[in-house]
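Listed below, chain by chain, are the residues.
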Protein chains: 2
Amino acid sequence: MAPRKLNAADPAPASVKRQHKADARAASSHPPARPRPLTRIQKEKQDIILEAALEVFSLHGFRGATIDQIATQAGMSKPNLLYYFPKKEEIHRRLISALLDTWLAPLRDFDESGDPFTEIRSYIRRKLEMARDFPRESRLFANEMLQGAPRIAEMIEVDLKALVDEKAKVLLTWMDQGRLSRADPYHLIFSIWATTQHYADFDVQVRAVLGKGRNGEGRFEDAARYLEQLFMHGLTPKPRVGV
Amino acid sequence: MAPRKLNAADPAPASVKRQHKADARAASSHPPARPRPLTRIQKEKQDIILEAALEVFSLHGFRGATIDQIATQAGMSKPNLLYYFPKKEEIHRRLISALLDTWLAPLRDFDESGDPFTEIRSYIRRKLEMARDFPRESRLFANEMLQGAPRIAEMIEVDLKALVDEKAKVLLTWMDQGRLSRADPYHLIFSIWATTQHYADFDVQVRAVLGKGRNGEGRFEDAARYLEQLFMHGLTPKPRVGV
DNA sequence: CTAACATTTTTCCAACTGGTCAAAATTTCC
DNA sequence: GGAAATTTTGACCAGTTGGAAAAATGTTAG
């Protein structure tokens, strides 16, 4: 439930800088002493706010979302919300960094010692499950990407790149061993990301095109079946394909 | 250069409703007479504005973009811009409908009488070229989708669906003839959309992950090679694949 | 009960937003 | 050249936005 951090961007110091009087608690006059025990109530409210913010940000993007909308969604007044998160950006930052963490977990679990096809298949499954179960997170991420990832540029240039480099190497090894069709490992990963996240990010379009009849969860089962077939066949090594 | 319209959403009546005094020209007092000859200069300025708006909207989405930003980008004052497009929404509407038109052209050209693999391969190529040459259009579209396509819901539910239904039928025919591996045609189309548009919509991520060394246009050539391989192998019909 | 702290609400504000309007500058057409 | 039409600008506005201040209302430990 608490996977390793890709990048711990929310240490606390930043967010507590001028926290409500709560930090003077327990101690009396230490300069920037014991930052915050963080009440259970506080944690709860913060979660409610983050949940509401996810809803709003994922739909309208950072600029398009307003604190008022988030507050309403969270069932509280704007100033009350600002009591917990003094800055709009803070809320967004928290969401993004929490997101990146879980978002890349499936890729991290990519196991070199496993069977290539089993690994790829289960990676696709997991990504697809995430698109189904956490579409808002996916859209939040997509929104950030569309805008040029101003707030997470470093994260993707350093941490994400390192992770993908590592996994690309694994894929290459498998290819060298003839256990996987030779193909650009980076683009292979991109294509898995793209095809799976598509079902979250372009959900409206998918639903519209599939029509009313095919909109239950079945949609994702069909997608899984199709994608498995595509990637399994597409990456099965073969001496050559008769033209 | 002027493909058939998917949906002519900008007839004129709406946009001329209270146009600058220009419409009183030529005639003198016809009720809603001759709507608009539309000067060459007007057309030019409008194009400049639309170009600037594309830049801004594709980056920030509808709500996130401001008229001031667009005006600055277009090198004119806000009131001046509003002289040409009295409403922010008008600009956006124009962009979207122009976009849909060209965006779906490749799919429309999908030819039943052609060879399945040739058709699919060239469809992928074209979509990839569009991602390369018109990334902003792609992002504008993606932005709209992420937000639930409030402004084009009907368009995708009717026109787009009809087009995809038609092409799905073509794919099914090919599959029945054993010329194409049996697979869900809708998800097949989705996967092509997803993988190709990914290179426009997630451009930052792609660049970051590929690293500085691989950022020239070569990126797209690699992608094209990879995707062709994936889809060609993935969809080649075979009696069965040994597990 | 009450002092100390935590939370919430009310009020307010300055900056920004989409948009108006009339005057000024420019272009067009005779 | 000059009247009429078009285009551009500057001043302005009402509504919204992110956020600050402080008063009001809990809550809790002694």
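Residues numbered from 1 in each chain as written. Chains lettered and ligands numbered in written order. Predicted model: local features only at pLDDT ≥ 70, side-chain atom pairs only at ≥ 80, totals over all residues. Heavy atoms only, no water.

Peer 1: Even after reading the chapter, I still don't get the environment of A:Lys78, so can you show me in this structure?
Peer 2: Residue and element names in this part refer to chain A. Looking at the secondary structure, you find Lys 78 in helix H4 (residues 78-84). What makes Lys 78 partly exposed here is its relative accessible area of 37%. Separated by 12 residues in the primary sequence, Lys 78 and Thr 66 place their C-alpha atoms 9.9 Å from one another. Setting aside residues no more than four positions away along its own chain, Lys 78 makes contact with Ile 67, Asp 68 and Ala 71. (Helix = DSSP H or I, 4+ residues; strand = E, 2+ residues; numbered from the N terminus. Buried < 20%, exposed > 50% of the residue type's maximum accessible area, 1.4 Å probe, protein only. Contact = heavy atoms within 4.5 Å.)

Peer 1: Honestly, the relation of the copies chain B and chain A in this entry has me stumped. Any pointers?
Peer 2: Once chain B has been moved 0.0 Å along the axis and rotated by 180 degrees, it coincides with chain A to within an RMSD of 0.1 Å. Seen this way, the second copy is the image of the first under a two-fold rotation axis. Among all C-alpha atoms of chain B, that of B:Gly234 lies closest to the rotation axis, at 1.7 Å. A high fraction, 100%, of the interface residues of chain B reappear at the interface in chain A, so the copies pair face to face through one surface. (Least-squares fit on C-alpha atoms with pLDDT ≥ 70 in both.)

Peer 1: Looking at this structure, I do not really get empty space enclosed by the protein. What am I missing?
Peer 2: One simple way to see leftover space: roll a probe sized like a water molecule over the atoms. Tallied over the entire structure, the rule returns 10 cavities of 30 Å³ or more. What lines the largest cavity is simply A:Trp193, A:Ala194, A:Gln197, A:His198, A:Asp201, A:Phe202, B:Trp193, B:Ala194, B:Gln197, B:His198, B:Asp201 and B:Phe202. Mapped by element, the contributors of at least two residues to the lining of the largest cavity are helix H10 (185-201) of chain A together with helix H10 (185-201) of chain B. (1 Å grid on protein atoms, 1.4 Å probe; cavity = no way out; pocket = protein on both sides within 12 Å on 5 of 7 lines; lining within 4 Å. Points joined across faces, edges and corners; volume = space filled by probe spheres on them.)

Peer 1: Please explain the protein's contact with DNA strand D as it appears in this structure.
Peer 2: Lining the immediate surroundings of DNA strand D are 19 residues, of which A:Ile67, A:Lys78, B:Lys45, B:Tyr83 and B:Tyr84 lie closest. Sugar plus phosphate: this is where 62% of the atoms of DNA strand D within 4 Å of the protein reside. At 3.3 Å from a phosphate oxygen of DNA strand D is found a main-chain nitrogen or oxygen belonging to A:Ala65. Here A:Lys78 contributes a side-chain N or O atom positioned 2.8 Å from a base nitrogen of DNA strand D. Among the secondary structure elements, those contributing two or more residues to the surface near DNA strand D are H4 of chain A together with helix H2 (40-64) and helix H4 (78-84) of chain B. (Near = heavy atom within 4 Å. Polar contact = N/O pair within 3.5 Å; in protein donor to acceptor, adjacent residues only side chain to side chain.)

Peer 1: How should the packing of helix H9 (residues 153-176) of chain A against helix H11 (residues 203-210) of chain B be read in this particular structure?
Peer 2: A pair of packed helices is characterised by two quantities: the angle between their axes and the separation of those axes. Between H9(A) and H11(B), whose axes approach to 8 Å, the crossing angle comes to 65 degrees. Between H9(A) and H11(B) lies a crossing whose hand is right-handed. When H9(A) is examined against H11(B), the residues A:Ile156, A:Glu157, A:Leu160, A:Lys161, A:Val164 and A:Asp165 are found in contact with a partner set consisting of B:Val204, B:Gln205, B:Ala208, B:Val209 and B:Leu210. Of the residues assigned to the contact of H9(A) with H11(B), the class counts are seven nonpolar, one polar and three charged. (Axes fitted to C-alpha atoms, helices over the stretch in contact; angles between N-to-C directions. Left-handed = near helix turned anticlockwise from the far one by under 90°. Nonpolar A, V, L, I, M, F, W, Y, C, P; charged D, E, K, R; others polar.)

Peer 1: How should the protein's contact with DNA strand C be read in this particular structure?
Peer 2: Near DNA strand C, the surroundings consist of 21 residues, among which A:Lys45, A:Tyr84, B:Ile67, B:Lys78 and B:Lys88 are the closest. The contact in question runs from a phosphate oxygen of DNA strand C to an N or O atom on the side chain of A:Asn80, over 3.3 Å. Where the surface near DNA strand C is concerned, the elements lending two or more residues are helix H2 (40-64) and H4 of chain A together with H4 of chain B. Taken together, the residues of the surface near DNA strand C break down into 10 nonpolar, four polar and seven charged.

Peer 1: Which parts of the structure should I look at to understand the interface of chain B and chain A?
Peer 2: How large an interface is tends to be reported as the accessible area lost when its parts come together. Contact residues are listed per partner, giving 60 residues for chain B and 60 residues for chain A. Between chain B and chain A the total buried area reaches about 5,100 Å² when both faces are included, carbon and sulfur atoms providing 67% of it. At the boundary of chain B and chain A, one finds two salt bridges. Between B:Arg214 and A:Asp184 there is a salt bridge, with the nearest N and O atoms lying 2.5 Å from each other. (Buried area = accessible area lost by both parts, 1.4 Å probe. Salt bridge = Lys/Arg side-chain N within 4 Å of Asp/Glu carboxyl O.)

Peer 1: I keep staring at the UniProt feature "DNA-binding region" (unreviewed entry) in chain A and nothing clicks. Help me out?
Peer 2: Taken from the UniProt record, the annotation "DNA-binding region" (unreviewed entry) applies to residues 66-85 of chain A. Taken end to end, residues 66-85 of chain A is 75% helix and 0% strand, and its two terminal C-alpha atoms sit 13 Å from one another. (UniProt positions renumbered as here; feature names shortened; annotations may be inferred.)

Peer 1: Help me understand unusual backbone geometry, please; the structure alone is not making it clear to me.
Peer 2: As a rule of thumb, non-glycine residues mostly have phi less than zero, and peptide bonds are mostly trans rather than cis. All names here are of chain A. Positive phi outside glycine occurs at Ala 149, with the angle close to 50 degrees. For Ala 149, the location among the structural elements is in the loop between helix H8 (135-146) and H9. Overall, Ala 149 belongs to the buried group, its relative accessible area being 0%.

Peer 1: What's the story with the packing of helix H7 (residues 116-133) of chain A against H10(A) in this structure? I'm lost.
Peer 2: All names here are of chain A. Interhelical geometry of H7 versus H10 gives an angle of 25 degrees and a closest axis separation of 8 Å. In terms of their interaxial angle, H7 and H10 are classed as roughly parallel. Helix-helix and strand crossings are classified by hand; for H7 and H10 the assignment is right-handed. Residues Ile 120, Tyr 123, Ile 124, Lys 127, Leu 128 and Ala 131 of H7 form the contact with H10, whose own contacting residues are Ile 192, Trp 193, Thr 196, Gln 197, Tyr 199 and Ala 200. Partitioned by chemical class, the residues of the contact of H7 with H10 number nine nonpolar, two polar and one charged. (Parallel < 35°, antiparallel > 145°, perpendicular 65-115°, else oblique.)

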